[in-house]
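Structure at a glance
The primary structure of each chain is shown beneath.
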Amino acid sequence: MNAAPPRVLTVAGSDSGGGAGIQADLKSMLANGVHGMSVLTAITAQNSLGVQGAWELPEEQVVAQFRSVVDDIGVDAVKTGMLASASMVRLVAGLLRTLPDGVPVVVDPVSVSKHGDALLAEDAMVAVREEIVPLATVLTPNLTELGPVAGVELRSVEDRELAAKVLLDAGATWVLVKGGHDTGPLAVDVLHGDGVRLEFSAPRADNRHTHGTGCSLASAIASYLARGYDVPAAVGAAKDYVSGAVAAGFALGGGIGPVDHAWKFRNRSAE
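Each chain has its residues counted from 1, following the order in which its sequence is written. Where totals are concerned, whole chains, interfaces and linings use all residues; where local detail is concerned, this predicted model gives features only for residues with pLDDT of at least 70, and gives and counts side-chain atom pairs only at 80 or more. Side-chain metrics rest on all non-hydrogen atoms present in the structure, leaving aside hydrogens and water.

1. A few points about the overall build of the protein chain
Runs of H or I in DSSP of at least four residues are treated as helices and runs of E of at least two as strands, each being numbered from the N terminus. Along the protein chain, the regular secondary structure elements total nine helices and nine strands. Here the globule rule is a power law, 2.2 Å times the number of residues to the power 0.38, and the radius of gyration is based on C-alpha atoms. Over its C-alpha atoms the protein chain spans a radius of gyration of 17 Å, differing by no more than 12% from the 18 Å that the globule rule assigns to 271 residues. Principal axes of the C-alpha set define a box for the protein chain whose edges measure 50 × 45 × 40 Å. Sorting the 271 residues of the protein chain into buried and exposed places 54% on the buried side. Residue contacts are counted whenever heavy atoms from the two residues lie within 4.5 Å of one another. For the protein chain, the share of sequence-separated contacts (at least 6 apart) that also reach a separation of at least 24 residues comes to 65%. Accessible surface computed for the protein chain: about 11,700 Å², of which carbon and sulfur atoms make up 54%. The centroid of the 20 positive side-chain charges in the protein chain is displaced by 4 Å from the centroid of its 30 negative side-chain charges. Exposure classes here rest on a 1.4 Å probe applied to the protein chains alone. A residue is buried below 20% of its type maximum, exposed above 50%, and partly exposed in between. Here the Shrake-Rupley method, with its probe set to 1.4 Å, supplies the accessible areas, and only the displayed protein chains count as covering residues. In this count, Lys and Arg are taken as positive residues and Asp and Glu as negative ones, while His and the chain termini are left out. Here the site of a charge means atom NZ of a Lys, CZ of an Arg, CG of an Asp or CD of a Glu.

2. Some words on the packing of helix α1 (residues 21-31) against helix α7 (residues 213-226)
For helices, the fitted line uses only the C-alpha atoms of the stretch in contact; every axis is such a line through C-alpha atoms, and the angle between N-to-C directions lies from 0 to 180 degrees. Relative to each other, α1 and α7 sit at 40°, their axes nearing to 8 Å. Of the possible angle classes, the one that applies to α1 and α7 is oblique. Crossing angle aside, the handedness with which α1 passes α7 is right-handed. Residues Gly21, Ala24, Asp25, Ser28 and Met29 of α1 form the contact with α7, whose participating residues are Cys215, Ser216, Ser219, Ala220 and Ser223. In the scheme used here, Gly and all other residues not listed as nonpolar or charged are polar, with Ala, Val, Leu, Ile, Met, Phe, Trp, Tyr, Cys and Pro taken as nonpolar and Asp, Glu, Lys and Arg as charged. Split into classes, the residues belonging to the contact of α1 with α7 amount to four nonpolar, five polar and one charged. Each angle gets one of four labels, with under 35 degrees taken as roughly parallel, over 145 as roughly antiparallel, 65 to 115 as roughly perpendicular, and the rest as oblique. If you view the pair so one helix is near and one far, a crossing is left-handed when the near helix is turned anticlockwise from the far one by less than a right angle, and right-handed when it is turned clockwise.

3. What about the side chain of Ser216?
Looking at the element boundaries, Ser216 is found in helix α7. Think of a polar contact as two N or O atoms within 3.5 Å of one another; within protein, one of them needs to be a possible hydrogen donor and the other a possible acceptor, and neighboring residues in sequence only count if both atoms come from side chains. Here the side chain of Ser216 touches Gly212 through a polar contact of 2.7 Å, landing on its backbone oxygen. Within the local environment of Ser216, its side chain forms a polar contact with the side chain of His261, the two groups lying 2.7 Å apart. Among residues more than four places away in sequence, those in contact with Ser216 are Ala24, Ser28, Val242, Val259 and His261.

4. Digging into the side chain of Asn142
Locating Asn142 in the fold gives a position in the loop between β6 (138-139) and α5 (143-150). Here Glu145 takes part through its backbone nitrogen, which lies 2.9 Å from a polar atom of the side chain of Asn142.

5. A word on α7
Between the first and last residue of a helix there are one fewer steps than residues, each counted as 1.5 Å, and that sum is the expected span. For α7, which comprises 14 residues, the first-to-last C-alpha distance of 20 Å matches the rise-based estimate of 20 Å (1.5 Å per residue) to within 8%. Immediately downstream of α7, the backbone of Gly228 shows phi near 105°, a positive value.

6. As for helix α6 (residues 157-169)
Along its 13 residues, α6 runs 19 Å from first to last C-alpha, staying within 8% of the 18 Å computed at 1.5 Å per residue. Those residues of α6 lying buried are Asp159, Ala163, Ala164 and Leu167. One side of α6 holds all its buried residues, which, seen down the axis, span an arc of 145°. Facing away from the buried surface of α6 by more than 90 degrees, the exposed residues are Glu158 and Asp169. Where α6 is buried, its residues touch β6, α5, β7 (174-177) and β8 (186-193). This arc corresponds to the set of directions leading from the helix axis out to the C-beta atoms.

7. Looking at the sheet that holds β8
As summarised here, the arrangement of the nine strands in space is β3-β2-β1-β4-β5-β6-β7-β8-β9, forming an open sheet in which the pairing is mixed. What marks the edges here is a single partner per strand, and that holds for β3 (50-56) and β9 (196-203). Pairing between strand β2 (residues 35-47) and β3: six bridges, direction antiparallel. The residue bridging Thr44 from the neighbouring strand is Ala54, located in β3. The sheet contacts of α1 involve β1 (7-15), β2 and β4 (77-80), and relative to β1 the element is tilted by about 150°. Sitting on the sheet, α7 touches β1, β4, β5 (105-107), β6, β7 and β8, and the angle it makes with β4 is about 170°. DSSP calls a pair of strands paired once it identifies at least 2 bridges connecting them.

Structure representation (structure tokens):
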């Protein structure tokens, strides 16, 4: 009998276009050597042009999905994504508190889509800060999400450092501030935690097809944590993976295409 790979659960929304959300999470997990499982919190009608509709699932359905997976299969790491409302944030936080001790949780505080469509109610960000941040092994805000989730207005690079400290003080073990929305030739992500500040950089790809970047990065980090990497090593490996996926992103539909989750395998098949 073959041994099962590490098990990673994503708690997030569905992207019908397949570029982000649950679909991107599962692709990223497969590409990084783990068995992906899912709890859907919402369903979206979404394509390369934007989000045409979003519907939150009933709380009892979310609870049932979570318990079905965790109580039977078990988990080695969890990743959270789209939690559209304050009530859903509180529900998921309660579920995460029932996890066995030592299961790492990677939190992607998704608030808007790549196209600028809101995926989180305004009052829900406070709930994220109060309920979810204290449970995060790694919190992965981009520069759009960092200020709101920390409750800090970002006017300078120094404010980013302050916001990261606020989130660490709020209970996150590590905070990865993603620099994809920044400018310059390098995409620089900064990891804060455990008394250290580490930078992970990669050349900025000349490619606008970046749908699903944040979901894929957080899922890759969770995958490497499930495989036994420590947090800095998991972030480094995930950064390398996502940088390759962004560079290989492709046009799909009439708008912003997805990153290529299978870029490593396509490269091997072309050799």
